[in-house]
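Overview (structure and organization)
The primary structure of each chain is shown beneath.
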Amino acid sequence: MVSSPAPDRKAAIEVCHLTKRYNGVVAVDDISFEVRAGEFFGFLGPNGAGKTTTVRMLTGIIRADGGSALVMGFPAGSLKAKQMASVVPEMANAYTDLSAWDNLMLMADLYSIPARTAKERARELLHTIGLLERKDSQVRAYSRGMRQRLILAMALISDPEVLFLDEPTSGLDVQSSRLIKELLLKLNRAGKTIFLTTHDMDEANQLCHRVAIINKGKLIAINAPEQLKLTASRRHSVEVSFANSIHPSTLATLPGVSDVQRLGDKYRLFTSAPGEVAAAVVSLAHAHGFKIISLNTLTPSLEDAFLALTEEAKHA
Amino acid sequence: MPEHALVWQQLRRLLVIALKDIRIYYSKGPVVVFGVLFPVFLFLAFSIGRELTIDFMMPGLIGMVLFFTATSISPVVVPWESQARTLERLMSCPLRLETIIAGDIFASFLFGTAISLVPIIAALALGVTVSSPVLFGLAVLLASLCFAALGNIFSVPPSNVPATVNMIAAAVRFPVIFISGIFIPLQQLPTWGQWIAYISPLTYFTDIARGCIQGEAHLPLVVDFALLLAFTIVFLVLAMRLHHRTMPRRL
Ligand SMILES: Nc1ncnc2c1ncn2[C@@H]1O[C@H](COP(=O)(O)OP(=O)(O)O)[C@@H](O)[C@H]1O
Ligand SMILES: [Mg+2]
């Protein structure tokens, strides 16, 4: 079956004023954004931010209450959009009574993939995810990591143009998690558009071209990870630990320090001028005869950017 | 894609869904054994010692087995999938919700039809003759579809606990077998009893079966078939419509 070409090939996902309410409570609040074809797009937010609800609307599992979304130019949830996309849902399972092989063949049949193509792809995918030897055993006997790898393979058997993943690595063992991330990067290099939700800043930082930050259903920023970190430039910091105990207020009075946090045996001094603060800390230590054990300057992480942005959103 | 190609595509996928159901749910040994034994024992419990003829017993037994097996699993497929966390992934596939529901109903239909062959063959082996095998066969197929759709409606409330759904199912299934002319033929019921019987689709199948086996149906066969067909259409439409409403609440 040949589907007619989508009207606009440059955008893989177009979201326009998308809104979803549950019993009057807004879960996703009028969000708009665009994901370019071939982009690795991160959707970052804390628990309950509305990530899963957004993915479900984009993959046609639930209906939006307002706004619209297109996937590869077709309305989200339409058969054409679904045929071109796949999803790894947040809490999904394969059929545990079936083998990995049969699960893959089932998915292939539901997407009308010709049997030969399906078998070739299944072998290749099983090899990639390291389950080729176990392909005929029931999924019941698989570990959580093996299942998640299989679920990813099930999403890939239809060779989708757009892949949605809802926190695919959360709670996984390190190997499975790394394998999944590497596979995603490989797919993206091959031209696939990837929409990844996560609450893990490092993951978003490592993988994504651009990251959207969502909090309480609202989109509060959307940019490249490095750009987002810039927005938190006031949250550069100096981390210092002393051999002697010292009162934090002494550190707070240093010029240029906006905030002091105590983290274990270390103090973290937030500032926009980390070099000067570091020098001030050294002279302070000299003057009082404190012994410095370690002294580091830290650039803001995506997490800092996230905190800064959510703070701003709260005050706005 | 032209409309007919779309229909074919969805029909093929419907079949994939049905085969999946059969493999996963129906191929479990205990389910099948229970599906046959339970109605047989229930039937024997109510007919033993009543000196009934084989020709009288068989239409009722076939009707009961068909009713019980065709409604046994279709109620729990959706809750099971939801609990096993396979439903969301299925809903993201290029399938209409109608395709998923119809696939589940079709699986139940195949199961009911296949299992009802057991009492039918037993009846033939015991020397029962069927006067018009084609009509009887049609009635089995239609009734099986009707009951499978009814069973699917039991799973509409968005409870993901199969036990809850089973309770709803039991609350409908047990009364139905007592008001459908299985143990007491329609003509022996008082008028009010007959009116109650007419609200059960199983009544019409039993009546057709009595017509084909005993040669004495209470209603004209055309009426039986028309009403059975009407019930089937209503149940199918209801199953699709209602699941549209409750499916999102299962996630
Ligand atoms: N099926 C549902 N019924 C009612 N409320 C829901 C449902 N799903 C999500 N919510 C609410 O919507 C908000 C967003 O949830 P969700 O999209 O799951 O967030 P996330 O995936 O970012 O953790 C939360 O407040 C959650 O409680
Ligand atoms: Mg979520």
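Residues numbered from 1 in each chain as written. Chains lettered and ligands numbered in written order. Predicted model: local features only at pLDDT ≥ 70, side-chain atom pairs only at ≥ 80, totals over all residues. Heavy atoms only, no water.

A few points about the coordination of the magnesium ion (ligand 2)
Residues and elements named next belong to chain A. Summarising the metal site, the magnesium ion (ligand 2) is bound by the protein donors Thr52 (OG1), Glu90 (OE) and Glu90 (OE), whose distances to it range over 2.0 to 2.7 Å. With Thr52 in helix α1 (residues 51–58) and Glu90 in the loop between β6 (85–88) and α3 (100–110), the pair connects residues that are 38 residues apart, well separated along the chain. Residue Thr52 is classed as buried on the basis of its relative accessible area, which comes to 15%. (Donors = N, O, S within 2.8 Å, 3.2 Å for Na, K, Ca; no water. Helix = DSSP H or I, 4+ residues; strand = E, 2+ residues; numbered from the N terminus. Buried < 20%, exposed > 50% of the residue type's maximum accessible area, 1.4 Å probe, protein only.)

Details of helix α5 (residues 144–156) of chain A
The end-to-end C-alpha distance of α5(A), which contains 13 residues, comes to 19 Å, matching closely the 18 Å that a straight helix rising 1.5 Å per residue would cover. Of the positions making up α5(A), those classed as buried are A:Gly145, A:Met146, A:Gln148, A:Arg149, A:Leu150, A:Ile151, A:Leu152, A:Ala153, A:Met154, A:Ala155 and A:Leu156. Packing partners of the buried residues in α5(A) comprise β6, α3, α4 (115–128), β7 (162–166) and α6 (174–189) of chain A together with α5 (87–91) of chain B. (Expected span 1.5 Å × (residues − 1). Contact = heavy atoms within 4.5 Å.)

Re the interface of chain A and chain B
Interfaces are often sized by the amount of accessible area the parts lose when they come together. Listed by partner, the interface residues are 29 residues for chain A and 28 residues for chain B. Taking both sides of the interface into account, the surface hidden between chain A and chain B amounts to around 2800 Å²; carbon and sulfur atoms contribute 61%. Joining chain A to chain B, the criterion identifies 2 salt bridges. One salt bridge connects A:Asp102 with B:Arg23, and the closest N-O pair in it is separated by 2.6 Å. Applying the counting criterion to the chain A and chain B interface returns 9 residue pairs in polar contact (both at pLDDT 80 or more). Elements supplying a minimum of two residues to the side of chain A that touches chain B: α2 (79–84), α3 and α5 of chain A. Looking at which element gives the most residues to the side of chain A that touches chain B, the answer is α3(A), with 5 residues. For the side of chain A that touches chain B, the class distribution of residues is 18 nonpolar, 5 polar and 6 charged. (Buried area = accessible area lost by both parts, 1.4 Å probe. Salt bridge = Lys/Arg side-chain N within 4 Å of Asp/Glu carboxyl O. Polar contact = N/O pair within 3.5 Å; in protein donor to acceptor, adjacent residues only side chain to side chain. Nonpolar A, V, L, I, M, F, W, Y, C, P; charged D, E, K, R; others polar.)

Topic: the state of the cysteines
The final tally for this structure, using the stated rule, is 0 disulfides over all chains. B:Cys146 provides the cysteine sulfur closest to B:Cys212, a residue in no disulfide bond, and the two sulfurs are 17 Å apart. (Disulfide = S-S within 2.5 Å.)

With respect to the sheet that holds strand β1 (residues 11–22) of chain A
Residues and elements named next belong to chain A. As summarised here, the arrangement of the 4 strands in space is β2-β1-β4-β5, forming an open sheet in which the pairing is antiparallel. With one partner strand each, in any of the chains shown, β2 (25–36) and β5 (74–75) form the two edges of the open sheet. Its contacts with the sheet place α1 against β1, β2 and β4 (66–71), and it is angled at close to 120° to β1. (Pairing = 2+ DSSP bridges. Axes fitted to C-alpha atoms, helices over the stretch in contact; angles between N-to-C directions.)

A word on the packing of aromatic side chains
Enumeration over the complete set of coordinates arrives at 20 aromatic pairs over all chains. For the ring pair A:Phe41 and A:Phe195, a centre distance of 5.7 Å and an interplane angle of 25° mean the geometry is stacked. With A:Phe41 in strand β3 (residues 40–44) and A:Phe195 in strand β8 (residues 193–198), this residue pair connects regions lying 154 residues apart in the sequence. With respect to burial, A:Phe41 and A:Phe195 carry one shared label: buried. Each residue in the set A:Phe33, A:Phe41, A:Phe43, A:Phe164 and A:Phe195 is aromatic and connected to the rest through ring pairs, giving one cluster. The residue whose ring lies beneath A:Lys135 is A:Trp101, and the NZ or CZ to ring-centre distance is 5.0 Å. Here B:Arg210 stacks its cationic end above the ring of B:Phe56, 4.2 Å away from the centre of that ring. (Phe/Tyr/Trp six-rings, centres within 6.5 Å; stacked < 30°, edge-to-face > 60°. Lys NZ or Arg CZ within 6 Å of the ring centre and 35° of its normal.)

With respect to the confidence of the model for chain B
When the pLDDT values of chain B are averaged, the result is 89; 97% of them are 70 or greater. Interface confidence for the predicted complex, given as ipTM, is 0.90, next to a pTM of 0.86. (pLDDT = per-residue confidence, 0-100.)

Observations regarding the nonpolar core
By size, the foremost hydrophobic cluster in this structure holds 160 residues, and its most contacted members are A:Ile13, A:Leu150, A:Leu152, A:Phe164, A:Leu184, A:Phe195 and B:Phe205. Broken down by element, this core gets its largest block of residues, 12 residues, from helix α7 (residues 133–154) of chain B. Excluding anything up to four places from it in sequence, A:Phe164 contacts A:Ile13, A:Val55, A:Leu58, A:Thr59, A:Val71, A:Ala85, A:Ser86, A:Val87, A:Val88 and A:Phe195. (Core = buried A, V, L, I, M, F, W, Y, C linked by side-chain atoms within 4.5 Å.)

Focus on the sheet that holds strand β12 (residues 257–263) of chain A
Residue and element names in this part refer to chain A. The sheet built from 4 strands is open, its strands ordered β12-β13-β11-β14 with antiparallel pairing. The open sheet has two edge strands with one neighbour each: β12 and β14 (292–298). Each strand axis lies, on average, 20° off the axis of its neighbour in the sheet, ignoring direction. Both strand β11 (residues 236–242) and strand β13 (residues 266–271) contribute to a ladder of 5 bridges, which runs antiparallel. Each bridged residue has a counterpart across the sheet, and for His236 the counterpart in β13 is Thr271.

Description of the layout of surface pockets
Summary: where empty space remains is shown by rolling a probe the size of a single water molecule over the atoms. Of the volumes computed, that of the largest pocket is approximately 760 Å³. Forming the boundary of the largest pocket are 29 residues, of which A:Gly60, A:Ile61, A:Ile62, A:Arg63 and A:Gly77 lie nearest the centre. Those elements that provide at least two residues to the lining of the largest pocket are β1, β4 and α2 of chain A together with α6 (97–125) and α11 (221–246) of chain B. Looking at the lining of the largest pocket residue by residue, the class counts come to 16 nonpolar, 6 polar and 7 charged. (1 Å grid on protein atoms, 1.4 Å probe; cavity = no way out; pocket = protein on both sides within 12 Å on 5 of 7 lines; lining within 4 Å. Points joined across faces, edges and corners; volume = space filled by probe spheres on them.)

Let's talk about the site of ligand 1
Residue and element names in this part refer to chain A. Taken together, Tyr22, Ala27, Pro46, Asn47, Gly48, Ala49, Gly50, Lys51, Thr52 and Thr53 make up the full set of residues near ligand 1. The separation between an oxygen atom of ligand 1 and a polar main-chain atom of Gly50 is 3.0 Å. In the model, an oxygen atom of ligand 1 is placed 2.8 Å from a nitrogen or oxygen of the Lys51 main chain. Considering ligand 1 on its own, with 550 Å² of exposed area, one finds that the protein chains cover 64% of that surface. No other element matches α1, which puts 3 residues into the shell around ligand 1. Class assignment for the residues of the shell around ligand 1 results in 4 nonpolar, 5 polar and 1 charged. (Near = heavy atom within 4 Å. Areas by Shrake-Rupley, 256 points an atom, 1.4 Å probe, with all protein chains shown as cover.)

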